[in-house]
Amino acid sequence: MLDLNRLKALHAVHVYGSVGAAADALMVTPSAVSQQIAKLERETGARLMERNGRGVRLTDAAGLLAEHAERILALVETAEADFEALRGEVVGRLNIAAFPTASRGLMPGALVSLRERHPDLQVQLSERDPERVVREVARGELDLGVIQDWLNRPMAIPEGLSKATLLDDVADVAIPAKHPLADRREIELAALSGEQWISGAPGTVCHDWLVYTLRSASLEPEISCMADEYPTQLALVAAGLGCAIVPRLGRDCVPDGARLVPLLPRQSRRIYAIWRQDAARRPAIRAMVDALVEASKQQENAWAVT
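Note that this is a predicted model, so its numbers are computed, not measured.

**Digging into the layout of surface pockets**
In this model, the largest pocket occupies a volume close to 1000 Å³. If you trace the largest pocket, you find 32 residues lining it, with Lys 8, Glu 77, Gly 140, Glu 141 and Arg 276 closest to the centre. Of all elements in the fold, only α1 (4-16), α2 (19-26), α4 (60-87), β3 (92-98) and α7 (130-139) reach the threshold of two or more residues within the lining of the largest pocket. Counting residues per element, the lining of the largest pocket draws most heavily on α4, which supplies 8 residues. Each residue belonging to the lining of the largest pocket can be placed in one class, and the counts come to 11 nonpolar, 8 polar and 13 charged.

**Observations regarding the packing of aromatic side chains**
For the coordinates displayed, the defined rule picks out 1 aromatic pair. Ring geometry for Trp 150 and Trp 209: centres 3.6 Å apart, planes at 10°, overall stacked. On the criterion of sequence distance, the pair formed by Trp 150 in strand β5 (residues 144-150) and Trp 209 in helix α8 (residues 205-216) is long-range, its members being 59 residues apart. No difference in accessibility class separates Trp 150 from Trp 209, as the two residues are buried.

**With respect to the packing of α2 against helix α3 (residues 30-44)**
Two elements in contact, α2 and α3, have axes whose closest approach is 8 Å; the angle formed by their N-to-C orientations is 105°. Taken together, the axes of α2 and α3 lie roughly perpendicular to each other. Residue-level contacts link Val 19, Gly 20, Ala 22, Ala 23 and Leu 26 of α2 to Pro 30, Val 33 and Ser 34 of α3. Residue composition of the contact of α2 with α3, by class: 6 nonpolar, 2 polar and no charged.

**Observations regarding the packing of helix α6 (residues 107-117) against helix α10 (residues 283-305)**
Helices that pack against each other are described as a pair by the angle of their axes relative to one another and the distance between those axes. One way to put it is that α6 packs onto α10 with a least axis distance of 8 Å and a crossing angle of 130°. If you check the angle between α6 and α10, you find them oblique. Crossing geometry of α6 relative to α10 is assigned as right-handed. Mapping the contact onto sequence places Met 107, Gly 109, Ala 110, Leu 111, Ser 113, Leu 114 and Arg 117 in α6 and Ala 287, Met 288, Ala 291, Leu 292, Glu 294 and Ala 295 in α10. Its residues assigned to classes, the contact of α6 with α10 shows 9 nonpolar, 2 polar and 2 charged.

**Section: empty space enclosed by the protein**
Gaps left between atoms show up when a probe the size of a water molecule is rolled over them. For the coordinates displayed, the defined rule picks out 1 cavity of 30 Å³ or more. Volume-wise, the largest cavity comes out at about 80 Å³. Lining the largest cavity are Trp 150, Ile 198, Ser 199, Gly 200, Cys 206, His 207, Trp 209, Leu 210, Tyr 230, Gln 233, Ala 244 and Ile 245. Within the residue set of the lining of the largest cavity, elements represented by two or more residues are β8 (196-199), α8, α9 (230-238) and β10 (244-247). Residue contributions to the lining of the largest cavity peak at 4 residues, all from α8.

**Considering the pairing of β10**
On β10, burial covers both faces: Ala 244 and Val 246 on one face and Ile 245 and Pro 247 on the other are all buried. Two elements, strand β6 (residues 161-176) and β10, share 4 bridges in a ladder whose sense is antiparallel. Each bridged residue has a counterpart across the sheet, and for Ala 174 the counterpart in β10 is Ala 244.

**Overview of the nonpolar core**
Val 173, Ile 175, Leu 192, Trp 197, Ile 245 and Ile 274 are the most contacted members of the largest nonpolar core, which totals 38 residues. Listed by contribution, the elements that provide at least two residues to this core are α7, β5, β6, β8, α8, α9, β10 and β11 (258-276). Residues in contact with Val 173, not counting those within four places in the same chain, are Ile 187, Leu 192, Trp 197, Cys 243, Ala 244, Ile 245, Arg 259, Leu 260, Val 261 and Leu 263. Counting 29 residues, the second largest nonpolar core, distinct from the first, contains Val 146, Ala 164, Leu 166 and Trp 275.

Reading the values: the criteria
- Residues numbered from 1 in each chain as written.
- Predicted model: local features only at pLDDT ≥ 70, side-chain atom pairs only at ≥ 80, totals over all residues.
- Heavy atoms only, no water.
- 1 Å grid on protein atoms, 1.4 Å probe; cavity = no way out; pocket = protein on both sides within 12 Å on 5 of 7 lines; lining within 4 Å.
- Points joined across faces, edges and corners; volume = space filled by probe spheres on them.
- Helix = DSSP H or I, 4+ residues; strand = E, 2+ residues; numbered from the N terminus.
- Nonpolar A, V, L, I, M, F, W, Y, C, P; charged D, E, K, R; others polar.
- Phe/Tyr/Trp six-rings, centres within 6.5 Å; stacked < 30°, edge-to-face > 60°.
- Buried < 20%, exposed > 50% of the residue type's maximum accessible area, 1.4 Å probe, protein only.
- Axes fitted to C-alpha atoms, helices over the stretch in contact; angles between N-to-C directions.
- Parallel < 35°, antiparallel > 145°, perpendicular 65-115°, else oblique.
- Contact = heavy atoms within 4.5 Å.
- Left-handed = near helix turned anticlockwise from the far one by under 90°.
- Pairing = 2+ DSSP bridges.
- Core = buried A, V, L, I, M, F, W, Y, C linked by side-chain atoms within 4.5 Å.

Just distances and angles here, no functional claims.
Structure follows, in structure tokens:
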């Protein structure tokens, strides 16, 4: 009988194109993936990988087996979901991922609530860029993900995924305290022509959104510093090195040398939970979504107070 873990390793190499990338996706070492495929070769009596330059490639036999593995793994997931739904118990294991500010701003409260209510459920959390989260949820490598997109630049969600809106996260412009516009109650984006900007790294959702938004306002972005974490961006703003657009969920403490001013037009990102429709019957998925919705409401109430 074919071993599911070995099929999963082969399928990951087939999807990601290399042993190293498959290992990253499965959160194991490359040698562990290679060992699983070597055992699968002995089980099947077929050669599944062969040298290709400095790397390896899957043989035709491996490609055929990987296609079957995809269907087998999907059937196993459906069977597990049906069985959990029949039992009606929030048990088992959830592999979830969120982008960094959601991991910091939403996940602690949601996971504590989930642990108190459902102690027999094991949850493993990791941080991912939203686009990677979407891919890994769609492929079944993650059970649930928390992603974000900006209202003026929505992200496409593949067929087969369900989503629940958690909250709208308003973003303000962070400017140095000594900036001439620092005392304004609101700032039009067009008034920031000629400013230097602090942004995430190229290729991230927030960097690409900032460039798109500034150019939509006929502003050519001049990015002086790049930092993916918003507290770091705020520290750079406080040092007078540029401006940044910072959502509320990413603020934490605002340094004395920085000011946050509402933008016109209003800028906002929407935060979602996503999961596969085939897994929607799992009580654990529903419990995780409920915990995230509750944590999001608590965060919105905290913003209303401040």
